[in-house]
Amino acid sequence: MTDTLTHSPEAGSGAGAPLEKTALETYVPLAKPSLVGLSRAEISDALGAIGVQPAQRKMRVQQLWHWIYVRGAQNFADMTSISKDMRAQLETHFTVARPEVVAEQISNDGTRKWLLRLPSGDSIEKAHEVECVYIPETDRGTLCVSSQVGCTLTCSFCHTGTQRLVRNLTAGEIVGQIMVARDRLNDWADRETPTGSRLVTNVVMMGMGEPLYNFEAVRDALLIVSDNEGIGISRRRITLSTSGVVPNIARTGDEIGVMLAISLHAVRDELRDELVPLNRKYPIAELLQACRDYPGSSNARRITFEYVMLKGVNDSLDDAKLLVKMLKGIHAKINLIPFNLWPGTRYECSDWDQIEKFSEYIFNAGYSSPVRTPRGRDILAACGQLKSETEKLSARERQALRAMAMTD
Ligand code: SAH
Ligand code: SF4
């Protein structure tokens, strides 16, 4: 990939859609960088660069880590266990900034969506935007996190795939989304609740972007999120969803150790080539082999196969039969996702009847097959509806889009 943008106007539409539509924009580091997203070793180096003595660094790193990731401190002044001089020195050179909240929407089902601005060092016009969604349930609270602004891939049923501008997020911008959610929900360690339990308990890398096309930043971020002296969300409560970047699947197990979800969506290569064009590079057989080999998968740690229900396209009982057959030998569960509409799409969601039949067939074959309940449709926060450029639509266009998204 290069730094030059090569947009294709018909990106994301049709079987002939290019595999990738655009090259990446660059991130320009900020003049005063945030410590959020740095590993302990990187914080230590940053302290060294401003003259902190080697003998002091380990202790300072520990203090900063605690203030940033356990207490959620938003500035150095609040870090009262650190000496005043040291705090002033830190303030001169660094921040603990996270992405800025541009808009917050709350759905009538309690789902919250934040539009976040990501400052970049070049100019304010270059500040990109990304979306992040919090989904409360009775037994958990899941945060759906983005890994890229837009997506270079061109899955034909996905709204994010039609967004032209694409930039990889930094590790800090990824961790920052969880921090913003904890800030907004008042969900840090000193939150006063009778039980003391957290609101954000699970993380899914299912927002905008393909996480395995931004592997290093996603890995570094998730290692911080799962660090039990900090944010402390266990790896079993973090799920990374990929459209099938085969070479990085084993690395995900080895280097991050989180739960894996695969956007399968079709059981024949011919159809998957059209729905998920990346299939032309990594066809189904290779993808499934990578799943069989996934480090750490077991009956207790099953791989989720996501399957979007598209009317008359991939929802026949023959598809269900083939699906069951091809998952043999893989510790799998299947998540059926009702298709969420967006303007300009040529797909429709399968009829409810058909979704039930499909699900029943899979269930009878011995697989768990829950149908994902669409959440936050009224604020365009459901799967595949995220597209930060949406905010630039007129009020009337947005209203039409919302009405469409609410139709079953
Ligand atoms: N890029 C990654 C993760 C983000 S998408 C991936 O593709 O896996 C999260 C999930 O939403 C994926 O399974 C994706 O295929 C699905 N999705 C995309 N558009 C959708 C839509 N319009 N309706 C329902 N699900 C959709
Ligand atoms: Fe990208 Fe995932 Fe959407 Fe495909 S489904 S375009 S990989 S975000």
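Some points on the overall build of the protein chain
- Looking only at helices and strands, the protein chain has 11 helices and 11 strands in total.
- Evaluated residue by residue, the protein chain yields a buried proportion of 54% over its 408 residues.
- Carbon and sulfur atoms make up 50% of the accessible area of the protein chain, which amounts to about 17800 Å² in all.

Quick word on the packing of helix α9 (residues 317-326) against helix α10 (residues 352-364)
- The N-to-C vectors of α9 and α10 enclose an angle of 25°; their axes lie 9 Å apart at closest approach. Judged on the interaxial angle alone, α10 and α9 are roughly parallel. As α9 runs across α10, the sense of the crossing is right-handed. Residues Leu317, Asp319, Ala320, Lys321, Leu323 and Val324 of α9 form the contact with α10, whose own contacting residues are Gln354, Lys357, Phe358, Tyr361 and Ile362.
- In terms of residue class, the contact of α9 with α10 is made up of 7 nonpolar, 1 polar and 3 charged.

Digging into the site of ligand 1
- Within the structure, ligand 1 sits among 21 residues, and Gly209, Ser241, Ser263, His265 and Asn340 are positioned closest to it.
- Within the side chain of Ser241, a nitrogen or oxygen atom sits 2.6 Å from an oxygen atom of ligand 1.
- In this structure, an oxygen atom belonging to ligand 1 sits 2.6 Å away from a side-chain N or O atom of His265.
- Bound to the protein, ligand 1 loses 95% of the 530 Å² it would expose on its own.
- Among the secondary structure elements, those contributing two or more residues to the shell around ligand 1 are β8 (238-242), β10 (303-309) and β11 (332-338).
- Considered class by class, the residues forming the shell around ligand 1 number 10 nonpolar, 9 polar and 2 charged.

With respect to the pairing of strand β2 (residues 112-118)
- Burial runs high along β2: 5 of the 7 residues are buried.
- Sheet topology note: the strand β1 (residues 100-106)/β2 ladder contains 6 bridges and is antiparallel. The residue bridging Ile106 from the neighbouring strand is Arg112, located in β2.
- Adjacent in sequence and paired antiparallel, β1 and β2 are bridged by 5 residues, among which Gly110 carries a positive phi angle near 95°.
- Note: β2 against strand β3 (residues 128-136), 7 bridges, orientation antiparallel. Directly across from Arg112, in β3, lies its bridge partner Tyr134.

Description of the pairing of β3
- Burial of β3 is extensive: 8 of the 9 residues sit out of reach of the surface.
- Pairing analysis gives 4 bridges linking β3 to strand β4 (residues 141-144), with the strands arranged antiparallel. What sits directly across from Pro136, in β4, is Gly141.
- Where β3 folds back onto β4 in an antiparallel hairpin, the turn is made up of 4 residues.

So, the site of ligand 2
- The full set of residues close to ligand 2 is Cys151, Leu153, Cys155, Cys158, Gly161, Gly209 and Ser243.
- Classifying every residue of the shell around ligand 2 by side-chain character gives 4 nonpolar, 3 polar and no charged.

Topic: helix α3 (residues 84-93)
- Of the positions making up α3, those classed as buried are Met86, Arg87 and Leu90. Projected down its long axis, α3 carries its buried residues within an arc of 100°, all on one side. Every exposed residue of α3 that faces more than 90 degrees away from the buried side is listed here: Lys84, Asp85 and Thr92.
- Packing partners of the buried residues in α3 comprise α1 (40-49) and α2 (54-70).

Structural notes on the environment of Glu356
- When you line up the elements, Glu356 lands in helix α10.
- Of the residues examined, Glu356 reaches a relative accessible area of 45% and is grouped as partly exposed.
- In this structure, the C-alpha to C-alpha distance between Glu356 and Leu336, residues 20 residues apart in sequence, is 9.8 Å.

Some thoughts on the side chain of Ser120
- Assignment of secondary structure puts Ser120 in the loop between β2 and β3.
- Relative accessible area serves as the criterion here: at 8%, Ser120 is assigned to the buried category.
- A distance of 3.1 Å separates the side chain of Ser120 from the backbone nitrogen of Val28, its partner in a polar contact.

What about the environment of Ala250?
- Turning to its location among the elements, Ala250 is positioned in helix α6 (residues 249-256).
- Among the residues examined, Ala250 registers a relative accessible area of 38% and is labelled partly exposed.
- Separated by 46 residues in the primary sequence, Ala250 and Gly296 place their C-alpha atoms 9.9 Å from one another.

So, the environment of Ala49
- One can find Ala49 in helix α1.
- Separated by 44 residues in sequence, Ala49 and His93 have C-alpha atoms that sit 10.0 Å apart.

The rules behind each value
Residues numbered from 1 in each chain as written. Chains lettered and ligands numbered in written order. Predicted model: local features only at pLDDT ≥ 70, side-chain atom pairs only at ≥ 80, totals over all residues. Heavy atoms only, no water. Helix = DSSP H or I, 4+ residues; strand = E, 2+ residues; numbered from the N terminus. Buried < 20%, exposed > 50% of the residue type's maximum accessible area, 1.4 Å probe, protein only. Areas by Shrake-Rupley, 256 points an atom, 1.4 Å probe, with all protein chains shown as cover. Axes fitted to C-alpha atoms, helices over the stretch in contact; angles between N-to-C directions. Parallel < 35°, antiparallel > 145°, perpendicular 65-115°, else oblique. Left-handed = near helix turned anticlockwise from the far one by under 90°. Contact = heavy atoms within 4.5 Å. Nonpolar A, V, L, I, M, F, W, Y, C, P; charged D, E, K, R; others polar. Near = heavy atom within 4 Å. Polar contact = N/O pair within 3.5 Å; in protein donor to acceptor, adjacent residues only side chain to side chain. Pairing = 2+ DSSP bridges. Arc of directions from axis to C-beta.

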